[in-house]
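Close look at the chain arrangement
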Amino acid sequence: MKLPIGIQSFESLRKDGYLYIDKTELVYSLINQGRYYFLSRPRRFGKSLLISTIKAVFEGKRELFKGLAIDSKEDVDWTPRPILHLDLNTNKYDKADVLTDKLNKSLEDWEKLYDCARPDLPHGMRLENVIQAAREKTGHRVVILVDEYDKPMLQAIGNETLQKEYRATLKGFYGALKSMDECIKFAMLTGVTKFGKVSVFSDLNNLMDISMLPRYHDICGITEKELLSVFDKQIDGLAGDNGLSREECIAKLKKMYDGYHFDEFSKHGIYNPFSVLNTFNSNIFRSYWFETGTPTYLVELLRKHHYDLERMAHADVTSDILNSIDAESSNPIPVIYQSGYLTIKGYKERFKKYVLGFPNEEVEEGFIKYLAPFYLDNQSKRSEFDVEAFSEDVEQGNPEQFCMRLKSLLASAPYDMELDNEGNYRNVIWVIFKMMGFYSQCEYKTSDGRIDLLIETPDYRYVIEFKLDGTAEQALQQIKDKQYLLPFTLDSKKTYMVGINFAKEQRTIEKYLIEEA
């Protein structure tokens, strides 16, 4: 089996005999049930291949679809249509003129094709002119396909001036999709995120957002049914090379790469296609998706707004927050969710809230390791070494030793990180314990308060309270006064109470006290 790693052209994939997991039933549904669409999916999830597949349909290349679901549909019109395809994924948008140059180049190519050059007009009006000319020259309405529409906006997060320029440019450009309705046969925009409200999409109320529609939840990615049927032999080979039974291999694939949910109704998750294909290609379990790069803007958003990382990993949000990103928003959760680092884990019908969490082990481990250099020592090797030794101390019931290591790690926190509130210290602690792989929970709720940090191992429990510019004595006394140990009185684990005081000026632990419960 030829695995299509990195291949985004449907025509190339089909002609060269690469594997294609048939999504054309859903493509047929899109083409026949509507006109204007928007789809948000994480990077490396197959959005470009989807756009290429739709393009091939409207190019009338029926021979590429032989044996696929859409080929059996008698009402498909295979008449070639004029297509305007814009791919914004190929540039680095660090300056305003990069976007304008990209749009100008595409417009010039289209104007030459349809003999309608009007370089004197603004981008939006030039696009309107091209659409009109294409319709008149070919006698057919136009198909518009935009891949990674949001990349300029994403890369400009944190740069308010550049955001405003990009927003104004793209808003006018995409506005042609509404003004030229009578000349458009089909239009689809894909991207990682959806910028809403006063942003790019404010005037495009004719776009149908299918990102969270249950019937399109598997339009990108791999379902478990597809995994087991398409990769039957590959699963056996992967299991054999890794010393696993077939059942163990399937369970590990699920744990590593499954778990994406794009609506509240789908019971089954979606596997990351990039990671699955690379795993079968190498027969090695690795974090392939993370190795292709994680945008720094995600961490910058978290740090800029002092966001509680524990809260991030167990967020409850409404659909309004989940579906729309504003350039000036102080809430990083929509960006992190739509980028694929969080997914829907549940839905609270009564309160109309989505429960978010990491989709799988690959994402959780990769994201925590990516966060570590930003919150700990910039020398990642030293951080990993310290955390490994720290982990052994916790496992063996040595709170004195791990408090000393913790003090050392905090002293090495980057100087550009603002350690001016207790929440920022909790974030550092959370990263450390997540890297260790233990069950840990910040602000553990009890009937009379919140435990700042609870750590549990098979043999030990640590109830930890933090103070900032207070005293370790106050922290330890709070554990006792608030009866934080009460939920664990019937448990046989050995429990330690740890009171820790952070000193803002020294940027580390001023004092800690430990008592055995």
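Report on the accompanying structure. None of the values given here were measured: they were computed from a predicted structure. (Residues numbered from 1 in each chain as written. Predicted model: local features only at pLDDT ≥ 70, side-chain atom pairs only at ≥ 80, totals over all residues. Heavy atoms only, no water.)

Section: helix H22 (residues 472-481)
The condition that has to hold: Exposure categories follow from relative accessible area, calculated using a 1.4 Å probe and restricted to protein chains: below 20% of the type maximum is buried, above 50% is exposed, and the middle band is partly exposed. Numbering goes from the N terminus for both helices and strands, where a helix is a DSSP run of H or I of at least four residues and a strand is a run of E of at least two. Directions pointing from the helix axis toward each C-beta atom define the arc. Contacts were defined at the residue level, with two residues in contact if any of their heavy atoms lie within 4.5 Å.
Among the residues of H22, Ala472, Ala475, Leu476, Gln478 and Ile479 are the ones counted as buried. Each buried residue of H22 sits inside an arc of 150° when the element is viewed along its axis, so together they form one side. Tucked inside the fold, the buried residues of H22 contact strand E11 (460-468), strand E12 (494-503) and strand E13 (508-516). A positive backbone phi angle near 55° is found at glutamine 483, which sits one or two residues after H22.

Some remarks on the packing of helix H4 (residues 96-113) against helix H5 (residues 123-138)
Where we set the bar: All axes here are fitted lines through C-alpha atoms, helices being fitted over the stretch that makes contact, and every angle between N-to-C directions spans 0 to 180 degrees. An angle counts as roughly parallel when it lies under 35 degrees, as roughly antiparallel when it exceeds 145, as roughly perpendicular when it falls between 65 and 115, and as oblique in every other case. Here a crossing is called left-handed whenever its near helix is offset anticlockwise from the far helix by less than a right angle, and right-handed whenever the offset is clockwise. By the convention adopted, Pro, Cys, Tyr, Trp, Phe, Met, Ile, Leu, Val and Ala count as nonpolar, Lys, Arg, Asp and Glu as charged, and the other residues, Gly among them, as polar.
It is the contact of H4 with H5, at a shortest axis distance of 10 Å, that shows an interaxial angle of 25°. The angle between H4 and H5 places the two elements in the roughly parallel class. Note that H4 runs across H5; the crossing there is left-handed. Taken together, the residues of H5 that come into contact with H4 (itself represented by Thr100, Leu103, Asn104, Leu107, Glu108, Trp110, Glu111 and Leu113) are His123, Arg126, Leu127, Val130 and Lys137. By residue class, the composition of the contact of H4 with H5 is 6 nonpolar, 3 polar and 4 charged.

Re the pairing of strand E3 (residues 142-147)
Put simply, the rule is: One bridge is not enough; two strands pair if DSSP finds at least two bridges between them.
Summarising burial for E3: 6 of the 6 residues are buried, a large majority. Here E3 shows a buried face lined by Val142, Ile144 and Val146 and a second buried face lined by Val143, Leu145 and Asp147. By the bridge criterion, 5 bridges tie strand E2 (residues 83-87) to E3 in an arrangement that is parallel. In the sheet register, histidine 85 faces E3, and the bridge partner there is leucine 145.

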